[in-house]
Structure formats: C-alpha cells, structure tokens
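Structural features, examined
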Amino acid sequence: MVGLLDRRLLFVTGKGGVGKTTVAAALALHAAEHGRRTLLCEVDAKGDVAAYLETGPTSFAAREVQPSLWVMSMDTEASLREYLRLNLRIPVVGRIGPLAKAFDFVATAAPGVREILTVGKFCYEVRERHYDLVVVDAPATGHIVGQLSAPQAINELVKVGLIRSQTDWMLDILSDPATTGVAIVTTPEEMPVNETIELAGRVAAETTVQLASVIVNRVLPELFGRSEEEVFTELCRPEVSAELGRLVQGDASPVLDAARLAVTLRRTRAAHLERLRAGIDPAVPMLYLPFLFTRLHGLRTIRQVARSLGEELGS
Amino acid sequence: MATRRGRAPDHRGASLDGLLASKEIVVACGPGGVGKTTTAAAAAAMAAARIGGKVLVLTVDPARRLANALGLEGIGNTERRVPDAAFVDAGVKPIGELWAAMLDTKESWDALVRLHAPDERTRDEILSNPLYRNISGRFVQSHDYIAMERLFEIHAEGTYDLIVVDTPPTRNALDFLDAPERMAEFFSSRLLRWLIVPYRSKLVNLASRPFYQVADRILGTQFLEDIAQFFILFQSMYGGFVERARAVHRLMADRRTSFIVVSTLEAVPLREAEFFAQALVDRRLHLGAIVLNKVLPDYLRDPTGLVVAQSVRDRADELAAALAPEVGGGDVDQIRRVLTEIGQSYLDYRIVAQREDEQRSELATVPESLVSVPYFETDVYDLAGLLRLGAQLWGPEIA
C-alpha cells in the first residue's frame, strides 16, 4: 500500500468527538513540515481548524499559514461560483446570486449536488497540481460515504449534461488508490470502534475510495506488565497501603484507587482495540496516538500529535 | 472501589426523578459520542423501575449490545416490551413497564407518505421515485425531522405515560429543533413553486429563461424534470405536511415536553452542549437538566492526594526498600517501578480531573438540574448497567 501521506488526496473522517479535526490538522502539519505543499480543508465550517492552528478565520480562498501549509474552509456556494467561472465562463457574476440560491435549494432536495461541489473542488485541486497533498477534514462517519459516493450517484442519476461528463475524471482521481485515500480516526471505545468497523465496510462496498488507514486516537498508557501488576495487588493490601500511607505521611488510597481506575480503563479499551483490529482488513495499516493528559487543543497539541504521527509513520 | 469512589459532585444537587415523573416527553440531545443513547435508555429504565406506568425509550442508534439488552436486535419501528425477567436478572422489581423502539428512518418516511398522499397512484409514484428513495434513505436532515415526527405520532396514540427520546447525531445540534419548521418552509416556499411551474405548464418555454438555461447545461434536462416531477408529487401532500410539521413543533414547545442536554466535560462537546442549552432557552423550550457523563472521580482533585502522589513518585527508591519485606514476591526494583508509575499516573489523571472541574464551573447556562455521572469501569451494555447508570442520574438517596 502507498504510504499514508504519499497520496495526493486524503479524507480524514471519524465519529464526532474522537479528535478528527486534531488528527487532520496534525497530518497536514506533519506533511508540510516534511516539505510537501499541503492544503488542509475543513468541510463542516465550524472554524475548528482555525482555532486549533491559531490562524484566524479561514475562508474558501486558501491561505498559507506557515511554510508549505495552506488552509481553507469549504463553502459550496463559493465552489459553485468557481465551478461556473472555470467551466461555463459565465461572465455575469451578478446573475449568480439567485442562481446560487436556487442551487442551494436544489442541493437540499437532490442529494449529491452539494457533495459533488465539495468533492469536485478537491479533485480539481489535485488535478491541477496546485498542492502536493490535500488533507480534508471530512464530515463525520454518517456523512462521508454520501460524499465519497456522490460522483457515482450523480453518474447514475444524471444521464447527460456537463456534470455527467465532469464526474468521469473525478471518479478517476477518487478510484486510484495511489492518489486518494480515506483515513478513519477513532478512539478505543465501544461506539467509535463499532462505527469504524461499519464505516470501513461501507467505504469498501459503496465507494471507490481506498481505506488508507485507521488512526486510533487517545490510547491510554499501559501502567505495568503482568508481574508488576502482582506487585501492585500486594501494595493494595490494607496493611501494605497503610504502611505506604505512614511512610509518605498521608492517605495512599486515592493514589491506589486512581491507579486501579487507570488499569481498568486501559483494559476495557484494550478489548475494544482487539475487536477493532479483528474487524478491519489486516492490509489496512493502523496508527496509534497516545492520550494527551496535558492539553487537548491548540497549536501545541497539534504539534504533539503531529510528532506522534511522525513516529508511527516512521518519518 | 466503586463504593469508595461514590457519586461525582453536583453543583445543584438535583436529580432527574422529578422531571421524569412530571413530564410526558423527555428528549435527550447533545453532541455525538457522549453517551446520549445510553443516558436516555438509563433514564427510561429507572422511570419504569421506580415511578411506574408505561415507559417507552425511542432510540436512534444504540450500540449492538445495548440493542440486544433492550430486545431491539433486528427490529424496526415496532415497539417491544423489555421483559420483566430482564429486570429481575438485574436485581430490580419494576413497578411499571419498559418498552423500547428503534427509529427506522426509511420505514417512518414511507408511513408518512402513506398518511398524506391524496390517492394511491400518487403514493406509489412517490414511493418508487428515485429521488424520494435517496431523500428518505440518505438525506441526512430527513432523520432529524422523522425522529420528531415519529415521536409526535407515538405521543398522539396515548399509549405511554412517558416517552424518552434519543436524538440522531446531527452536524449541528440545532438541526432537529428546526427540522419541523424547515420542513414546513420547504413545502410552502415560493422558490419551490417557481422551480416546478415550467414543468406544470406546457406553455412556458424553458429555454427562454436564463436560470433554466444554465441549470440545464449543468444538470441535464432529464434530471431537472425528475426533480420537478418529484416536487409536483410531493406538493400534493403539502397541506398535510405543513400542518403536521407545525403540530410537531408545538408539541416540542409544550410544557409536557422537556429536554435533557447530555455531554462530557471535554472542551469541544461541552462547548457544543452549552450552545445547545442556550438555544433551548432562547426558543423557550424547557431545559430540564444537563447530564455530564464520564466525570472523573473526586479523589483525583484531593489536595493531599497531590502531595502523596508526588512523594510516591519521587521517593520511590526509598519507599520500595521499606515496603519490600511486606510485598510478597516482588523485588525492590519492581516495587520502585510500580510506585513511580502509580504516582505519575495519579498526577496525569489529576490534570484531566482539574480541567473537567474548571469546565463544569464555567458552565454558563445552568438548568434546574445538573447531574454528574462518574466514569464507569466498563461499558454499559445490559439492563443492570443501565440501572446502575440510572441510579446515578436519580440521586444518591435511592441509589
């Protein structure tokens, strides 16, 4: 399989709350720091990318926020304008106002129209080679399949017209595993693991895009191995913990309780990790990112995650 | 350990029992991945166990094991009773009945079309229209509307004393609140009429209008006609839909309905939950409670815990030597490593616990009840687990 960041277009998805945006930003940052001209695009314009990278607001027009790293946010109306400008050479911008409104309306009703404008923009950037890599902070698990399968769906629904002919080259880009991939971000918890396994199946069955990686975020550290665990059990005996308390002049039980909680959480999650590994095609590489106790957001976090990704990717 | 950890602290100390006893509909909402489904199921299970009456939990996307526990495996819209035996196995004798149903979006849409279609031919044409199938199956916003619609329908049947609803994960937490209104707007929109007029009247020459010229070049005539055909069919149901959507909206705003916002204390979900709670208040909807899940235990913020943990970590050498005679089978080196690890681990988790506490005290919109539920060591996947969680929601005196 092609290296994760050696592709040209990478969709990063995952269940809400697993750190999808953080991982997408870290992947882009890592690629940019290794000299690849990288575009990071936020699809659900919540402004998280801007906040995480401390860059100020993003817009449809890409902006270079540090060497080799550009950021933008998707705006389907702007994408439509660009599309019309490039493809139909419609000169009268003023007329596009109501047109875009009508389009917005059609897009609400006719599935695939909004998606095709989104995916089309990325495929366009890839085709024109404006960047070495486009990282998409894609919609959450429930929506990504609709987005990735939009060109096919449109191909089936629309028999003639410009869009029909446009979807062909888009499909070429999306279907080439050396060019395009999707990465699913998850955490070692029950629902995210279930959704990841289910989504991996749907990506394979309903889209032409290759699953490039599963990235497991917030993996808790292992406190100790088996023989050390026996030592820990001994330490928890009332006489021993009382003695420990005397030695440190305080109650040792909160520290022992916390360690037990940490062990249990880690163990519960390890079981979900095993289930995940068993449910995903063994050919799909999995990357593991540690739980960050210190901070969860901001540029510093993105840098830490990018470094962990670099270690996992061996670069 | 569970008993020693006890209940995570509340700032208001209130619980959910009063809310569940007095309301007919309780809607659990909030960001994804915070245990919304489990919280809704736990609240319903407790209401059935402690308050009595017929309680229904209408759920959207339960984890497989939870669906199994509720007897929902492979079941669509049909409501099923959770057998009393399941409660007895969990060590509880329920006063009332717990029923469960899952939301099947496609099935619910079809039912709605059957309800509103003016005649059989229109009904069949809509049900077999490719755009309709796309919309009912995949169109994401349709889930939001259909969940509320289905709730309205069940409530109108008058079968249950309490209905607890889990809301679908949405891109934007407000989507489902606005869904009925948007659905009504959609059908009464002038734009919709404008779009389909040329297809209704053969007199209008499409090619004469710039919009259609452009649209035609992009989408193709056939597709435009498919869209128009679909809307023409759907417009026949206009009156019924709009009226229904308004009725659904009224039910949401009714005093018998309350909302529970579920979140964790992580920054991103909490920010979303807070925004949502404020939106409920702004819309004059009843914000009954905020439930905070997966809260780390209090002892992690204990000031003496900090000192002890630091000593355990920093004096591990000396402590290991002193404890070695009492620790059977462990060599000093191993004991030292274990002490260093557990001291550090406490300090790590302490940072998270403190951050959570800060987040909680910064909550701007605080409803009558603010309930904190501690981290459970294992996932909740059976009725016993739901009742254990329910007891936390309920308040300590009964738990």
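Residues numbered from 1 in each chain as written. Chains lettered and ligands numbered in written order. Predicted model: local features only at pLDDT ≥ 70, side-chain atom pairs only at ≥ 80, totals over all residues.

Most peptide bonds take the trans form, and the phi angle of most residues other than glycine is negative. For Glu54 of chain A, which is not a glycine, the phi torsion comes out positive at approximately 50 degrees. Here Glu54 of chain A lies in the loop between α2 (48-53) and β3 (63-66). Even without being glycine, Lys294 of chain B reaches a positive phi, approximately 55 degrees. As for its position among the elements, Lys294 of chain B is in strand β7 (residues 287-295). (Helix = DSSP H or I, 4+ residues; strand = E, 2+ residues; numbered from the N terminus.)

The next subject is helix α6 (residues 105-116) of chain B. Residues and elements named next belong to chain B. With 12 residues, α6 should cover 16 Å at 1.5 Å per step; its first-to-last C-alpha distance of 17 Å lies within 8% of that length. Residues of α6 that are buried: Thr105, Ser108, Trp109, Leu112 and Val113. Projection of α6 onto a plane perpendicular to its axis shows the buried side chains occupying an angular sector of 140 degrees, all on one side. (Expected span 1.5 Å × (residues − 1). Buried ≥ 20, exposed ≤ 12 C-beta atoms within 10 Å, placed from the backbone. Arc of directions from axis to C-beta.)

Before going further, it helps to spend a moment on the confidence of the model for chain B. Atom-level detail of predicted coordinates should not be read off regions where pLDDT is low. Residues and elements named next belong to chain B. Of all residues in chain B, 77% attain a pLDDT of 70 or more, and the chain-wide mean is 80. Confidence over residues 1-13 falls short of pLDDT 50; this stretch has 25 contacts with residues more than four positions distant or in other chains. Interface confidence in the predicted complex, given as ipTM, is 0.86; pTM for the same model is 0.82. (pLDDT = per-residue confidence, 0-100. Contact = placed C-beta atoms within 7 Å.)

What follows concerns the sheet that holds strand β2 (residues 54-59) of chain B. All names here are of chain B. Pairing within the open sheet is mixed, and its 8 strands lie in the order β3-β4-β2-β5-β1-β6-β7-β8. The open sheet has two free edges, formed respectively by β3 (80-81) and β8 (369-374), since each of these has just one partner strand. Judged from the 6 bridges that link them, strand β6 (residues 257-264) and β7 form a sheet pairing that is parallel. Within β7, the residue paired with Val262 across the bridge is Val291. Against the sheet, helix α3 (residues 36-51) engages β1 (25-29), β2, β4 (97-102), β5 (162-166), β6 and β7, with an angle of about 170 degrees to β2. (Pairing = 2+ DSSP bridges. Axes fitted to C-alpha atoms, helices over the stretch in contact; angles between N-to-C directions.)

Ala43, Ala44 and Ala45 of chain B are the most contacted members of the largest nonpolar core, which has 122 residues in total. Among the elements that take part in this core, α3 of chain B stands out by supplying 10 residues, more than any other. If sequence neighbours within four positions are ignored, Ala44 of chain B has contacts with Val55, Val57, Leu98 and Val164 of chain B. Residues Leu10, Val126, Val134 and Met170 of chain A belong to the second largest nonpolar core, which totals 75 residues. (Core = buried A, V, L, I, M, F, W, Y, C linked by C-beta atoms within 7 Å.)

Residues and elements named next belong to chain A. Sheet architecture is open: 8 strands sit in the order β3-β4-β2-β5-β1-β6-β7-β8, paired in mixed fashion. Each edge of the open sheet carries a strand with a single partner, namely β3 and β8 (286-290). Each adjacent strand pair in this sheet contributes to an overall mean axis angle of 25 degrees, direction not counted. Pairing between strand β6 (residues 180-186) and strand β7 (residues 210-219): 6 bridges, direction parallel. Directly across from Ala183, in β7, lies its bridge partner Ser213. Packed on one face of the sheet, helix α9 (residues 190-206) meets β6 and β7 and runs near 165 degrees to β6.

Our next topic: the pairing of β2 of chain B. Residue and element names in this part refer to chain B. Where burial is concerned, most of β2 is hidden: 5 out of the 6 residues are buried. Where β2 and β4 come together, 6 bridges link them in parallel fashion. Within the sheet, the bridge partner assigned to Leu56 lies in β4 and is Trp99.

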